[in-house]
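Breakdown of the fold
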Amino acid sequence: VCFIPGGLDCSISFVSHVLGKVCVHGWQKEILGVLVPRLTDLTKSDCIWQRICWQLVECVPDRWMEAVVLGFVQRAPGADVLSRLLGNLVVKNKKAEFVVAQKMLLLQYGHTTAVLQNLLGYLALDSGRRPLLLRVLQDLLETWSSSSAVKHSPAEQQLYISKAILICLSHLKEPEIASCRQELLTSMMEGVKCHLESSLPQLRRLGMVVAESISLSINTEGPVLKFEYEEDDETRELKSLLVQTPSFCVVPSLPDNDRSEKAGAALLLVPERNENSYTAAPVKADEESDAELDSDDDLIPYDMSEDKELKLKAPMYIRDCIEVLTGSGSEDVDKWEATVKALESLVRRNPAATREVSVELAKILLHLEEKTCIEGFVELRQRAQVAVLTTDPIPVAKYLTSQFYSLNYSLRQRMDILDVLVLAAQELSCPKFHGKTKHSGVQKPCIQLLPESDSSKGWRRIVDERIKSKTRRFVTGQSHVELASCPNEFNSVAGYFFFPLIQHFDRPLTTFDLLGEDHLVLGRLVHTLAVLMYLAVNTVAVTAMGKALLEFVWALRFHTDSYVRQGLLSCISSLLLSVPTERILADMTEELLETQSWLGDVMEKDPDGDCRRLALQNLLLMENLKKKLEAVPS
């Protein structure tokens, strides 16, 4: 930095032009990496240098203002430093105001949480800039509560906007909250509604956390909103943004001398808090001593060490199970629990008896409700349904698929039907194991519907791989047990699982509208069809299923819900992997060309990252099919 002797007046507009041009040409990191630390030191205690710094950024032309302001915001070590460097630039310069209040918050979402805290803390540190902070909060809430924005913007941007809202709330004072309390309440109610309607769990959880925070801010004394959700690192980080971090806690931004002083000042707060906690301890002990006088610790407990739990015998026949689950026997709670636990194994042991009452049993299980707090009831019921469906596939599949589009069913029951169909199809399509061959060495299908933990098998796999790599074999034999060949049982029943589900998706019912508000179930249906298509590889009906699925995808390709679009793209992947290449080219050439064009648009323009990734994956699959065909001699 140059010094001008003699107290002469000077203009730094030339330096401002140089700074702006250097930043806009891609040297922002290099020049501001040196300039910002130096100006931070000079403006710490010298008001003249503060005025020089303000003049430096104010004289930057508007066409280069964005690059300069963005560089200062990203490299300032704290909001107080940024306030010293920029002054009231956002109040004086419209371009700077647009960059800070609009572009960095609503049009971009790649900045870190620290940059957001710098930016919004800068707006909150001066009374002249606080009206802009309130306006920014209103714009953020308007975007957050817009159902169109929730549907069409990526989850990363929703998270970014949620962080900005919580940081703004942490800077608001009580009079400011009182002045916009009604607007906050309205935005909260609209925003939480459109977030809870989303099919993505992350967006639903974001809506809950932000709504809880807004409710806590506007109702400091009354009742507040409280949702039930599993806390993870993301939700804990969001909640921590409501608590302002003192400026002295930003240790890396301070010089060595000030850093030690501030750290010492922070440590001085600890003994006082601990002292208060120790003085309150004896009072609590006295209160507890009075309570001990009324306790029943002096009573002698009964000796129940030799008591044994009476085990109720489960029913031995399928019809007895039906009577227990439907008739007067259901009043016996213990017998009902034993029946639910034993039903799956009983169905698999008695396939002939199950086929006689398979549809009736499927109906009972579909409507079965939990009467006691039995552990794992949902899983037990689902496994019993899968056992019935695999034992007698055709009539039970006809019943379940017909009930999916029937009246008077809840969304939960409809999604249960889809889950049972997928699990049964997976079981039917897998080879059956005979004899004493161990299952651990068998490769499972690529699509795993039920998560399994492989941690217990990891060590043995690593050891086996090391032994195999170190072992020299002079005679190469079969290193694994061959599976006994058997027909694919899903081959003859795939159409009964697939086609009824795809027929009536566009016919709304009184209580069920897949193309309307029930898009969550539509997303589950699309993913179910993708899995059924994948499991139908090498079956007779796979070509017809592929053509029908391609028409289904084409009808829904512009759906607004990202979860549905992900399922549609998964359907394309399953089709390309399952249908023989010759059949694809013979029966679906024109449709695939149109699909390829659509996939290119999705890869370039879709706001959801998973959709773009799946579209790219499908394009690569198409390219691989093309290469295989070119390699085959004519």
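Relevant structure appears above.
How each quantity is defined
- Residues numbered from 1 in each chain as written.
- Predicted model: local features only at pLDDT ≥ 70, side-chain atom pairs only at ≥ 80, totals over all residues.
- Heavy atoms only, no water.
- Helix = DSSP H or I, 4+ residues; strand = E, 2+ residues; numbered from the N terminus.
- Buried < 20%, exposed > 50% of the residue type's maximum accessible area, 1.4 Å probe, protein only.
- Contact = heavy atoms within 4.5 Å.
- Areas by Shrake-Rupley, 256 points an atom, 1.4 Å probe, with all protein chains shown as cover.
- Salt bridge = Lys/Arg side-chain N within 4 Å of Asp/Glu carboxyl O.
- Core = buried A, V, L, I, M, F, W, Y, C linked by side-chain atoms within 4.5 Å.
- Domains from an automatic or database assignment.
- Axes fitted to C-alpha atoms, helices over the stretch in contact; angles between N-to-C directions.
- Parallel < 35°, antiparallel > 145°, perpendicular 65-115°, else oblique.
- Left-handed = near helix turned anticlockwise from the far one by under 90°.
- Nonpolar A, V, L, I, M, F, W, Y, C, P; charged D, E, K, R; others polar.
- 1 Å grid on protein atoms, 1.4 Å probe; cavity = no way out; pocket = protein on both sides within 12 Å on 5 of 7 lines; lining within 4 Å.
- Points joined across faces, edges and corners; volume = space filled by probe spheres on them.
- Phe/Tyr/Trp six-rings, centres within 6.5 Å; stacked < 30°, edge-to-face > 60°.
- Lys NZ or Arg CZ within 6 Å of the ring centre and 35° of its normal.
- Expected span 1.5 Å × (residues − 1).
- Bend = angle between axes of the 7 residues up to and from the residue.
- Polar contact = N/O pair within 3.5 Å; in protein donor to acceptor, adjacent residues only side chain to side chain.

When helices and strands are counted, the chain shows 31 helices and 0 strands. In the chain, which comprises 634 residues, the proportion classed as buried is 42%. Long-range contacts, defined as pairs at least 24 residues apart, comprise 73% of the intrachain contacts of the chain with a sequence gap of at least 6. By element, 55% of the accessible surface of the chain is carried by carbon and sulfur atoms, the whole surface being about 37,000 Å².

Another point: the pattern of salt bridges. For the structure shown, the criterion picks out 23 salt bridges. Here R383 and E344 are joined by a salt bridge, their closest N and O atoms 3.0 Å apart. Placement of the pair is R383 in helix 21 (residues 377–391) and E344 in helix 18 (residues 333–349), with a sequence separation of 39 residues. Residue classification places R383 among the partly exposed positions, given a relative accessible area of 37%. Classification of E344 as buried rests on a relative accessible area of 18%. Across the pair E427 and R348 runs a salt bridge, and its minimum N-O distance is 2.8 Å.

Turning our eyes to something else, we now look at the nonpolar core. Core analysis: the largest hydrophobic core is formed by 92 residues, its most contacted members being F404, F490, F497 and L525. At 11 residues, helix 26 (residues 519–535) tops the list of elements feeding residues into this core. For this core, the domains that each give at least three residues are domain 3 (312–391) and domain 4 (488–631). The contact partners of F404, leaving out residues within four places of it in the chain, are R414, I417, L418, L501, F512, L514, V521 and L525. Counting residues in hydrophobic clusters, the runner-up holds 78 residues, among them C53, L56, W64 and L206.

The next point concerns the packing of helix 25 (residues 494–503) against helix 26. For the pair helix 25 and helix 26, interaxial distance at closest approach is 10 Å and the crossing angle is 150°. It follows from the interaxial angle that helix 25 and helix 26 lie roughly antiparallel. Considering only the axes of helix 25 and helix 26, their crossing is left-handed. Between helix 25 and helix 26, the contacting residues are F497, F498, L501 and I502 on the first element and L525, T528, L529 and L532 on the second. A breakdown of the residues in the contact of helix 25 with helix 26 according to their chemical character gives 7 nonpolar, 1 polar and no charged.

In this section: empty space enclosed by the protein. Using a probe with the size of a water molecule, rolled over the atoms, empty space left in the structure can be pinpointed. One pass over the structure, following the stated rule, counts 1 cavity of 30 Å³ or more. Within this model, the largest cavity holds a volume of roughly 30 Å³. If you go around the largest cavity, the residues you meet are A362, Q385, V388, V396, L400 and V420. Counting only elements with at least two residues in the lining of the largest cavity, the list comes to helix 21 and helix 22 (393–404).

Below, the discussion takes up the packing of aromatic side chains. Counted by the stated rule, this structure contains 6 aromatic pairs. Between the aromatic rings of F498 and F499, the centroid separation amounts to 5.4 Å while the plane-to-plane angle is 90°, which identifies the pairing as edge-to-face. Note on F498: relative accessible area 0%, which makes it buried. Through a chain of ring-to-ring contacts, three or more aromatic side chains come together here, namely F404, Y405 and F512. Positioned over the ring face of W64 is R63, at 4.3 Å from the centre of the ring. When the ring centre of W554 is taken as reference, the NZ or CZ atom of R557 above it lies at 3.8 Å.

Orientation of helix 1 (residues 13–42) relative to helix 3 (residues 62–75), taken along the N-to-C sense of each, is 25°, at an axis distance of 9 Å. In this view, helix 1 runs roughly parallel relative to helix 3, as classed from their interaxial angle. The chirality of how helix 1 crosses helix 3 is right-handed. Note on element contacts: helix 3 touches helix 1 through W64, A67, V68, L70, G71, F72, Q74 and R75, opposite H17, L19, G20, K21, C23, V24, Q28, K29, L32, G33, V36 and L39. Classifying every residue of the contact of helix 1 with helix 3 gives 11 nonpolar, 6 polar and 3 charged.

Our next topic: helix 6 (residues 94–107). Two residues of an α-helix separated by three or four positions point the same way, owing to the 3.6 residues in each turn. The terminal C-alpha atoms of helix 6, which comprises 14 residues, lie only 17 Å apart, well short of the 20 Å expected from a rise of 1.5 Å per residue. A maximum bend of about 30° is found in helix 6 at V100. Looking at the buried positions of helix 6, the neighbouring elements they touch are helix 3, helix 5 (89–92), helix 7 (113–124), helix 8 (130–144) and helix 10 (155–171). Sitting at the head of helix 6, N93 places a side-chain oxygen 2.9 Å from the backbone nitrogen of K95.

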